[in-house]
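Residue strings, one per chain:
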Amino acid sequence: MKLSRNWLRQYVRLYATTEELQRAITFLGFEVESVTNTGLPPLSNVVVGEILTRTKIPNLKKDISLCTVDVGPAHGGVRSIVCGAPNCDAGRRVPVALPGAVLPSGFQIAQRKTYGHESQGMMCAPDELGLPGEHSGLLLLPATAPIGQPINEALPDGDTVFDVEVTPNRPDALCHLGMARELAAWLKYDLQHPEIKFQGTPKGTPPSPLLTSIRVDAPEDCPLYVGIAVAGVKVGPSPVWMQERLLAVGLRPINNLVDVGNYVMLELGQPLHVFDAKKIAGRQIVVRRATDGEKLVTLDGKERALNSRMLVIADEAKPLVIAGLMGGHDAGVDATTTDIILEAACFRPQSIRWTSRRLGLTSDSAYRFERGVDAHGTVAAAHRAIDLILETAGGTVVGPVMKAGGDRPWSREIRITPNYIRAKLGFDVTDDEMRDALIGLALPIKAEHETAAGLEWTVAIPSHRRDLDRPIDLVEEVLRIYGTDRVPSAICSGPALADGDDDPIARFNRQATDYLVGQHFHEVVNYTLRSQTELATWVSAAAAGELALANPFVDDQSHLRPTLIMGILESLKLNQSRGIPAARLFETGRVFMELNGTVQECVAVGFVLCHNPKERAWRTRPEPDFYTVKRHVEILARAAGLDLAAQPLVPVRGAYWGWQEGQSAAAGEMSDGWTARFGLLNLAMVRAAGIEGKVWAGTLALLPQKLTVGGSHTRYRPFSLFPAALRDLALVVDADRHADEVRAQLLQLAQAATGPSFAIERVEVFDVYTGAGLPAGKKSLAFALSFRSAERTLTDDEVNAAFGKIQQAIAVDGTMSVRA
Amino acid sequence: MQATLSALLAKATAELPALRTRADFEAAKARYVGPHGEFTALMKQMGTVPKEQRPAMGKLVNEAKAQLTTQLDAALQRIADAEIAAQLGPAIDPTLPSPDTGPGTTHPLTLVREEMCRILRKAGFTVVEGPEVETEYYCFDALCTPADHPARDAQDTFYFPESARFGNVAKKTPAEKYLLRTHTSSVQIRTMLKGEPPIRVVSPGRVYRRDTSDATHSANFHQLECLYVDRNVTVRDLKALLDYIFASLLGKDTVTRFRPHYFGYTEPSFEVDLSAKHLPKVNKDWIEIGGCGMVDPAVFEGVGYDPNVWSGYAFGMGLERLAMLMYGIDDIRYFYQNDLRFLKQFA
């Protein structure tokens, strides 16, 4: 909202500088978005002068004149001044900057030779004096301006306009009187209310024929409606002072009646409407809901389709105004208007807000009604408007002040002790300072009592401060006037809260990040919202549907991400396209996965490892492969409390979203509460995304409740100090059997063979072979077996005996054979 | 015998330096000093030497043995040296770059978040997390945002269709809609409902606003929010926390101030300004950095805390904004592009 300093000055003394005022408004709680100065800044050595003669200087490309200018005896009488303005005609009075003057641009005026002539000053255009306007000619002053008078005296004062953001809890501050009330409290001056002469009509005044009745059909949406008829007005321009104030705050003057309505709204916060009485069919005003499909052309020329939730002001035949929002095109005042009805009403904020949203229509009036207009000030505002109408447009009030509703009295008190305020603030403010702050804000203390809790005040809350309801609300009022920037600092302290550790999600993310950064990965951060096209690579159309927003803002950010990989690939591509080698990227964050027809928000980590053959190095390192990413995923899973080695791994076969068949694996499903995918990203997809090289990747996603970071206590297990006995064994098995399955089987046989006397400690695969020497469809897996006893050094004989038993068991089993 | 000794030594002097491998050495050593070696054989002949010649001859044999041992040791040392030299390969050029991947980096948003959490942990705050998909209750209702408040409008908040079902976010009422949280304040409510006061938590996380992306706005961004609930918590305590946080994070020259403001869930409410002219690209006296206030009694009532017993403060700020301020970054979109030339500057 724009506030004019000149306007505010009608209600409170403002000696403060612009900076002080800006600070005051800011610390009262209203953010100042901009400060604009209009009018003339203070200027010295700039005076009124009259051009006596004008002589064109010959032989110049430009049109330059040599003038004699009278600036008055006090400033050296008649001076000779060179001027390039087209309008420096003899007889005109203009501002003259004398040597020594400094113009707002910083330009210093001195006597100097220009175009071959001595120039003893400069005649000024508006912009040169810091006034709005073009640089098209000299600023022309009235012929009555006294020669030699300082320019600041000759021209009206400038104004300063503050563009202020008013928070939604303070509708009372959406007008000049409201903000003046705040400033009066801050500056500790009295608030001067505008004098209102019209005090209503005597009881029993008979209705005038201009307005016979007001009927409110929807009192829940319109608790108060006031109508006053004025006959014999003359439509014309409003007075200059009113136009200046409206212009200063960005409103275009229309005519005296419309301007009065706007003026009172900006003065007191009460929106008003003026009807041309002759356009009200049946001479009656009906406040009712619109009917579905009813139409009204508003002032802006647009036809609006109304419905039955919207409130209109109508006559007996048709809607005239969308209540609180905007008048109809055909019902407003025009040049022929002679009789008017002034409307001052209150509407339910929710109703106005709903209609405003629905129609996509806002206005200064709606802005105020949406935030709440004080019904107890409505009649006074109407009276103020009548004063101004009679003053600017003439006419006489006819009939009574007609009123529907508004009979609910206002009374609110808050009991508060100064000790309570001090306890909430945590620092000392004296009773007197608090009392002054409250009274300054027009919150009178109606009574003081001594109670067990100390002094207690009963504070009366005026109707325009409905935001004040509880003692805590008054703490804020006191603090605002005390100055929030005066809150003292202190040592940050508080009793230790022993229980509680960081959330497992935070701890997991930290561990995953630390690990991957340690493994030379770069952390990236990507948007959660992705495009539907992108999702099609990773989830079914049905699953994508579950992830869709109802109201996306842009098409390519319409769905929740089901995997981090899509964002990481985007980062990879960006770097590649910019010629930045990027091999290892990772991200932690939330992903959204489908489970039994619901979407589950999961904690996730994902990474990629890119091998780009086009990147060169003076010494080549081994390429990453499946087992590189497998190790990373195992370690990340461990950070989440999962032992991947104990989980069945499924190789990816067939179409498996995003992953390359035969080169990737999966472990866990959402039904387990977690899922891991890792291996090579689908090469065709990677190519299609415009990424070069092979991209290995891993992801782990799990339900937050599945995270058990550092949950269990570790118990020490004793270990043998005796040496191990080692044997190697190569087994021939079907080529498609998984190594770990064979290993597990071998381990089982070995455990059976060693019995209770000693143990098989480890069985590890150390070689895989296919090819010459083996039957087709078979492969050889070589295992290292490690035997150990907790009590003694094993003898060759007993180990050999066990090893022999293992080989016999293998022969019996038949699914594998010992390689010769 | 003396002649035999001399011949043997001469032979060893000629043969031993030529040995190249450990095997050759062991064979040669056996030939001289092994059980059947030539020198061993000579030693055995000492018994046949006449008694009067024995001292002189013994001296000669000892000298010869010492010479032979020295030669054998030298030969072994030479072979060992050669083996090591062979293992080492040619000398390196220390100026060649390592072909291995460079160091990993932590994203600046993570760095700032973790630094804030570290500072807050010293003041007794622990990290809490909450879902990014929220319900209207946690994001708005419990924080005293009325049903028709503009912040709840579909123009500003991302909603999910009424048919959407989120398995691990429960609705309070069947009618409320799922949405993407617009602030981390929703975690305040979850924390208070789950626990008992006193509470001292920080909730960092991702939030969403339906907004045009530009240099200072992003469809998702990150916030960090502190909540303290205890007996007798004051405005001054809040100021003390903020002074502590920002002096720790940005240096002792950093000053904070409060400006009155309005938030539905705190009373009184403030915006926090920072004065930190020592930071890069800071050319204003005061920079707005976050919002805060004393927890509104109505919020306490909503979560079943007695506002006559419990009091508290809440403080929230944008992490991108803070990171931009700290590092002098002028475009929020850089955080989400992940150009390595950007990322590598902060680790």
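From a predicted model like this one, the values you see are computed outputs, not experimental measurements.

Across its full length, chain B holds twelve helices and nine strands. Taken against the 2.2 N^0.38 rule, which gives 20 Å for 347 residues, the C-alpha radius of gyration of chain B at 41 Å runs more than 25% over that of a compact globule. Out of the 347 residues belonging to chain B, those deemed buried represent 53%. Of the contacts formed within chain B by residues at least 6 apart in sequence, a portion of 66% connects residues at least 24 apart. Accessible surface, chain B as shown: approximately 15,800 Å² in total, 54% of it carbon and sulfur.

A few words now on the environment of Gln-111 of chain A. Residue and element names in this part refer to chain A. Locating Gln-111 in the fold gives a position in the loop between β6 (93-97) and β7 (112-114). Here the alpha-carbon distance between Gln-111 and Asp-555, two residues 444 residues apart in the chain, equals 66 Å. With residues near it in sequence (within four places) discarded, Gln-111 still touches Pro-99, Glu-118, Ser-119 and Gln-120.

What follows concerns the nonpolar core. Residues Tyr-225, Ile-285 and Leu-681 of chain A together with Phe-166, Phe-246 and Phe-315 of chain B are the most contacted members of the largest nonpolar core, which totals 221 residues. Per-element accounting of this core gives the leading share, eight residues, to helix α8 (residues 235-250) of chain B. Discounting residues that sit within four places of it in the chain, Leu-681 of chain A has contacts with Trp-538, Ile-565, Leu-569, Gly-658, Trp-659, Gln-660, Val-686, Val-695 and Ala-697 of chain A. Counting 31 residues, the second-largest nonpolar core is a separate cluster that includes Phe-508, Ala-512, Phe-626 and Leu-707 of chain A.

Before going further, it helps to spend a moment on the side chain of Arg-480 of chain A. Turning to its location among the elements, Arg-480 of chain A is positioned in helix α12 (residues 471-482). For Arg-480 of chain A, a relative accessible area of 3% gives the class buried. Reaching out from Arg-480 of chain A, the side chain makes a polar contact with the side chain of Glu-477 of chain A at a distance of 2.7 Å. Among all residues touching Arg-480 of chain A, those that are not within four sequence positions of it are Phe-27, Leu-28, Phe-30, Arg-170, Glu-182, Trp-186, Leu-441 and Arg-465 of chain A together with Pro-260 of chain B.

Glancing now at the pattern of salt bridges. Residue and element names in this part refer to chain A. What the rule picks out here adds up to 71 salt bridges over all chains. A salt bridge links Arg-371 to Glu-370; the nearest nitrogen and oxygen atoms lie 3.8 Å apart. Sharing partners across several salt bridges, the network here consists of Arg-170, Asp-172, Glu-182, Arg-465, Asp-467, Glu-477 and Arg-480.

It is worth spelling out the confidence of the model for chain A at this point. A residue-level look at chain A finds 98% of positions with pLDDT of 70 or above and a mean pLDDT of 92. When pLDDT is averaged over each element of chain A, strand β25 (residues 522-523) of chain A comes out on top at 98 and helix α3 (residues 151-154) of chain A at the bottom at 85.

In this structure the tally under the stated criterion is 23 aromatic pairs over all chains. On the basis of an interplanar angle of 85° and a centroid distance of 5.5 Å, the ring pair of Trp-241 of chain A and Tyr-263 of chain A is categorised as edge-to-face. Here Tyr-263 of chain A lies in helix α6 (residues 256-268) and Trp-241 of chain A lies in helix α5 (residues 240-248), a separation of 22 residues in the sequence. Pairing Tyr-137 of chain B with Tyr-138 of chain B gives two aromatic rings, centres 5.0 Å apart and planes at 80°, and the pair type is edge-to-face. Per residue, the accessibility class of Tyr-137 of chain B equals that of Tyr-138 of chain B, and both read buried. Members of the aromatic cluster, connected to one another through ring pairs, are Tyr-327, Tyr-334, Phe-335, Phe-342 and Phe-346 of chain B. Just above the ring of Phe-521 of chain A sits the side chain of Arg-584 of chain A; from NZ or CZ to the centre is 5.7 Å. For the cation-ring pair, Arg-190 of chain B lies above Tyr-138 of chain B, with the distance from its terminal atom to the ring centre recorded as 3.8 Å.

A few words now on the pairing of strand β33 (residues 694-702) of chain A. All names here are of chain A. By the criterion of burial, β33 is predominantly enclosed, with eight of the nine residues buried. Across nine bridges, the pairing between strand β29 (residues 598-611) and β33 is antiparallel. Within the sheet, the bridge partner assigned to Val-608 lies in β33 and is Ala-697. Pairing between strand β32 (residues 674-681) and β33: seven bridges, direction antiparallel. In the strand pairing of β33, Trp-674 is matched with Leu-702.

A separate point is the sheet that holds strand β17 (residues 311-314) of chain A. Residue and element names in this part refer to chain A. Across the sheet, five strands lie side by side as β11-β14-β17-β18-β19; this open sheet has mixed pairing. At either end of the open sheet lies a strand with only one pairing partner, and these are β11 (213-216) and β19 (326-327). Bridge count for β17 against strand β18 (residues 319-322) is three bridges, and the pairing is antiparallel. Bridge pairing in β18 places Ile-313 opposite Val-321.

On to the environment of Val-48 of chain A, then. Residues and elements named next belong to chain A. Mapped onto the elements of the fold, Val-48 is located in strand β3 (residues 46-56). Each C-alpha atom, one on Val-48 and one on Gln-519, is 79 Å from the other, the two residues being 471 residues apart in sequence. What Val-48 contacts, discounting residues up to four positions off in sequence, is Asp-70, Val-71, Arg-93, Val-94, Leu-141, Ala-145, Pro-146, Ile-147, Gly-148, Gln-149 and Ala-154.

Before going further, it helps to spend a moment on the domain arrangement of chain B. According to the domain assignment, chain B consists of domain 1 (2-88) and domain 2 (108-343). One C-alpha centre belongs to domain 1 of chain B, the other to domain 2 of chain B, and the line joining them spans 86 Å.

Before going further, it helps to spend a moment on helix α5 (residues 108-122) of chain B. Residue and element names in this part refer to chain B. The terminal C-alpha atoms of α5 lie 21 Å apart, and with 15 residues this matches the ideal 21 Å at 1.5 Å per residue to within 8%. Buried within α5 we find Pro-108, Leu-109, Thr-110, Val-112, Met-116, Cys-117, Ile-119 and Leu-120. Following α5 by one or two positions, Gly-124 has its phi on the positive side, about 95°.

Definitions and cut-offs
Chains are numbered independently. Their residues run from 1 in the order of the written sequence. Each chain takes a letter, starting from A, and each ligand takes a number, starting from 1, following the order in which they are written. Residue-level local features of this predicted model are given only where pLDDT is at least 70; pairs of side-chain atoms are given and counted only at 80 or more, and the full residue set underlies all totals for whole chains, interfaces and linings. Excluded from the side-chain calculations are hydrogens and water; all other atoms, namely the structure's heavy atoms, are used. The numbering of helices and of strands both runs from the N terminus, where a helix is a DSSP run of H or I of at least 4 residues and a strand a run of E of at least 2. As a reference, a globule follows 2.2 Å times the number of residues to the power 0.38, and the radius of gyration itself is taken over C-alpha atoms. Remark: exposure states derive from per-residue accessible area (1.4 Å probe, protein chains only) relative to the maximum for the residue type, with buried under 20%, exposed over 50%, and partly exposed in between. Only heavy atoms enter the contact rule, under which two residues are in contact if any of them lie within 4.5 Å. Accessible surface area values rest on a Shrake-Rupley calculation with a 1.4 Å probe, where residue burial reflects the displayed protein chains alone. As used in this record, nonpolar core signifies buried Ala, Val, Leu, Ile, Met, Phe, Trp, Tyr and Cys residues forming a set joined through side-chain atoms within 4.5 Å. Pairs of N or O atoms are called polar contacts if they sit within 3.5 Å, as long as, within protein, a hydrogen donor faces a hydrogen acceptor (for residues adjacent in sequence, only side-chain-to-side-chain pairs). Here a salt bridge means any side-chain nitrogen of Lys or Arg lying within 4 Å of a carboxyl oxygen belonging to Asp or Glu. The quantity known as pLDDT measures the predictor's confidence residue by residue, on a range of 0 to 100. To pair, rings of Phe, Tyr and Trp, with the six-membered ring standing in for Trp, must have centres within 6.5 Å; the planes then decide the type, stacked if under 30 degrees apart, edge-to-face if over 60, and tilted in the middle. Two conditions define a charge sitting above a ring: the NZ of Lys or the CZ of Arg must be within 6 Å of the ring centre, and it must be within 35 degrees of the ring normal. Any two strands with at least two DSSP-identified bridges between them are counted as paired. Note: domain ranges come from an automatic or database domain assignment. Take the residue count of a helix, subtract one, and multiply by 1.5 Å to get its expected span.

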